[in-house]
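# Architecture at a glance
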Amino acid sequence: MYETILVATDGSDPASRAVDCATDLASTFDADLHGISVVDTYRYGDSMLSGDQTVVDDLRDRAEAVLEEFEGRADREVTTELRRGRPHEEIGDYAAAIDADLVVLGNRGLGAGGEIGSSAERLVRSVDRPVLTA
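Residues numbered from 1 in each chain as written. Predicted model: local features only at pLDDT ≥ 70, side-chain atom pairs only at ≥ 80, totals over all residues. Heavy atoms only, no water.

## Here we look at unusual backbone geometry
Of note in this structure, Asp30 is not a glycine but carries a positive phi near 50°. Note that Asp30 resides in the loop between α1 (13-29) and β2 (32-40). Not every positive phi belongs to a glycine, and Asp99 is a case in point at roughly 55°. Summarising the element assignment, Asp99 is placed in the loop between α5 (87-98) and β4 (102-105). (Helix = DSSP H or I, 4+ residues; strand = E, 2+ residues; numbered from the N terminus.)

Here it is in structure tokens:
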């Protein structure tokens, strides 16, 4: 049913649930597993990020650590991608590039309150493939 699964993670609790779900699905269907983390330049502002290399380095280091944790939790070889931009756009672009059969992400991220975060909602509305929110 699924040959390629993409999971988006930012280190939040919902993203951790998404990683668990994506890993289980990849095992069940013997699917290729990809992970992506996006440094959200929209949230922080490109002008702020370009002006202070320390902030960029900190955000990139955090995203790299999140992807390393994902690699350690997976029961198979995984491919990871670190991007910078608007999360829903970068996740959607990467999903299209790898022709993902399923995209898995948390229902909200680090900065969101409520039932569903803006990135998850935008991704569900904008991609042409199944999205599972955890």
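## Looking at the side chain of Arg129
Residue placement: Arg129 occurs in the loop between α6 (118-126) and β5 (131-133). Among the polar contacts made by the side chain of Arg129, one reaches the main-chain carbonyl oxygen of Ala100 at a distance of 2.6 Å. Reaching out from Arg129, the side chain makes a polar contact with the side chain of Asp128 at a distance of 3.2 Å. (Polar contact = N/O pair within 3.5 Å; in protein donor to acceptor, adjacent residues only side chain to side chain.)

## Concerning the confidence of the model for the chain
Chain-level statistics for the chain give a pLDDT mean of 88 and a share of 88% at 70 or above. Mean pLDDT values for the elements of the chain range from 54 in helix α3 (residues 46-51) up to 98 in strand β1 (residues 4-8). (pLDDT = per-residue confidence, 0-100.)

## What about the sheet that holds β5?
Spatially, β3-β2-β1-β4-β5 is the arrangement adopted by the five strands of the open sheet, whose pairing is parallel. Each of the sheet's edge strands pairs with one partner strand only, and the pair in question is β3 (78-85) and β5. Along the sheet, successive strands turn relative to each other by an average axial angle of 25°, direction set aside. Where β4 meets β5, three bridges bridge the pair, whose relative direction is parallel. (Pairing = 2+ DSSP bridges. Axes fitted to C-alpha atoms, helices over the stretch in contact; angles between N-to-C directions.)

## Here's the deal with the pattern of salt bridges
A side chain of one charge can pair with a side chain of the opposite charge when the charged atoms of the two come close. Tallying each qualifying case throughout the model produces 11 salt bridges. With its nearest N and O atoms 3.4 Å apart, the salt bridge here joins Asp75 to Arg76. Overall, the relative accessible area of 52% leaves Asp75 in the exposed class. Counted as one network, the salt bridges with shared partners bring together Asp20, Glu69 and Arg73. (Salt bridge = Lys/Arg side-chain N within 4 Å of Asp/Glu carboxyl O. Buried < 20%, exposed > 50% of the residue type's maximum accessible area, 1.4 Å probe, protein only.)

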